[in-house]
Amino acid sequence: AKPAPAKPAPAKKAEAESAPAAAKKPAPAKPAPAKPAPAKPAPAKKAEAESAPAAPKKPAPAPKAEAESVPAAAKKPVPAQKPEAESAPAAAKSPASAPRSEVDDGNYYPGDKVMSRYHRDNGMYESMILYKKTDEIYDVSWDEPDEGEQISSVTIRDIKLVKRGPPGQEKIPNVPLKVGDKVLAMFLSDQKFYGADLTKISDDKKLYTVKWDDPDGAAPTADLERHDVKLKLRKA
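The structure displayed is predicted, hence computed values, not measured ones.

With that settled, consider the sheet that holds strand β3 (residues 137-146). The strand order β4-β3-β2-β1-β5 describes an open sheet built from five strands, whose pairing is antiparallel. Of all strands in the sheet, those bounded by a partner on one side alone are β4 (149-155) and β5 (159-163). The mean inter-strand angle of the sheet, taken between neighbouring strand axes irrespective of direction, is 45 degrees. In this sheet, β3 lies alongside strand β2 (residues 124-132) in antiparallel orientation, the contact comprising five bridges. If you follow Ile129 over to β3, its bridge partner there is Val140.

So this is what it looks like as structure tokens:
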């Protein structure tokens, strides 16, 4: 009869073995794998992120169109400025055509009758403006020049206006001569200058006819070139 109680011991083992088996069942029932479900909205965010940059791309072309329109507007005034620059010189020419003052304003023109200071004796003598040499110097021809100096350069401070010459007179490169002027003319036979009267000037002003004060047996007149005739005294 003693061996009978030993049988229930294995039954406990079976219970013990069955207890852990029951504990194993809840392990697969863990809902942890269900957490990935919230990951689905993540792609929705990506879609939103992708759609967000699409919106800013639309205004980008708009600034380019504005930038292109700005230079187009800036180009229009450029041609408008060129006519103004071209018209400026025309305005600068107007002072030249303005009437000359009859008073001595320090501006002198070819043909003006003036009193000029002669550098050799510091005296003031009648002369004529030939041309403006520099801003401060004029070349003048003397009404009664020395034989060796018909033209002198005189500073503006040593010139006094007597009478304006004819308007529109071009600059005079040489001493102007007129019929009736007392001159010194070269006698070609001895290459010396003698007193004479200027009696004729050819139309092309290449030949000057003089009448000798003392022909001394020679022909009373001679036709000479301009460089062979010097002014001695202007005709009054």
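Moving on: the pattern of salt bridges. Applying the stated criterion to the full structure yields 10 salt bridges. With its nearest N and O atoms 2.6 Å apart, the salt bridge here joins Arg234 to Asp143. A residue pair is termed long-range when its members are at least 10 positions apart, and Arg234 in the segment after β10 (229-233) and Asp143 in strand β3 qualify at 91 residues. Note on accessibility: Arg234 and Asp143 belong to one class, buried.

Attention shifts here to the pairing of strand β8 (residues 208-212). Taken across its five residues, β8 has four buried, putting it largely inside the fold. Between strand β7 (residues 192-201) and β8, which follow one another and run antiparallel, lie six residues, and Lys205 among them has a positive phi close to 60 degrees.

On to unusual backbone geometry, then. Positive phi is not limited to glycine here, since Gln191 has a value of about 60 degrees. Mapped onto the elements, Gln191 comes out in the loop between β6 (182-187) and β7. Phi is positive for Lys205, close to 60 degrees, though the residue is something other than glycine. Position of Lys205 among the secondary structure elements: in the loop between β7 and β8.

Sheets are built from strands that pair by backbone hydrogen bonding, the pairs being arranged parallel or antiparallel. Ordered in space as β9-β8-β7-β6-β10, the five strands form an open sheet in which the pairing is antiparallel. Every other strand in the sheet has two partners, leaving β9 (221-224) and β10 as the edge strands with one partner each. When the angles between neighbouring strand axes are averaged without regard to direction, this sheet yields 45 degrees. Direction of pairing for β7 relative to β8: antiparallel, over a ladder of five bridges. When the bridges of β8 are listed, Ile201 appears paired with Tyr208.

This part takes up the confidence of the model for the protein chain. Across the protein chain, the average pLDDT comes to 73, with 58% of residues at 70 or higher. Of the regions scoring below 50 in pLDDT, residues 9-29 engages in one contact with residues more than four places distant in sequence or in other chains. Counted against residues more than four places away or in other chains, residues 41-56, with its pLDDT under 50, gives zero contacts.

Judged by nonpolar contacts, the single largest core of 13 residues is most densely connected at Val210 and Val229. For this core, the secondary structure elements donating two or more residues are β6, β7, β8, β9 and β10. Here the element with the most residues in this core is β8; it accounts for three residues. Membership of the second largest hydrophobic core comes to 10 residues, among which are Tyr108, Val114, Ile129 and Trp142.

What counts and what doesn't
- Numbers given to residues run from 1 along each chain, matching the order in which its sequence is written.
- Residues qualify for local features only when their pLDDT is at least 70, as the model is predicted, and side-chain atom pairs are given and counted only at 80 or more; totals for whole chains, interfaces and linings, by contrast, use all residues.
- Excluded from the side-chain calculations are hydrogens and water; all other atoms, namely the structure's heavy atoms, are used.
- One bridge is not enough; two strands pair if DSSP finds at least two bridges between them.
- In this description a helix means any DSSP run of H or I spanning at least four residues, a strand means any run of E spanning at least two, and both kinds are numbered starting from the N terminus.
- Axis lines are fitted to C-alpha atoms, over the contacting stretch for helices. Their N-to-C directions set the angle, which ranges from 0 to 180 degrees.
- When a carboxyl oxygen of Asp or Glu lies within 4 Å of a side-chain nitrogen of Lys or Arg, that pair is called a salt bridge.
- Using a 1.4 Å probe on the protein chains alone, a residue whose accessible area is under 20% of its type maximum counts as buried, one over 50% counts as exposed, and one in between counts as partly exposed.
- Confidence per residue, as judged by the predictor, is encoded in pLDDT with a range of 0 to 100.
- Any two residues having at least one pair of non-hydrogen atoms within 4.5 Å are treated as being in contact.
- Nonpolar cores were defined as sets of buried Ala, Val, Leu, Ile, Met, Phe, Trp, Tyr and Cys residues, with membership established by side-chain atoms within 4.5 Å.

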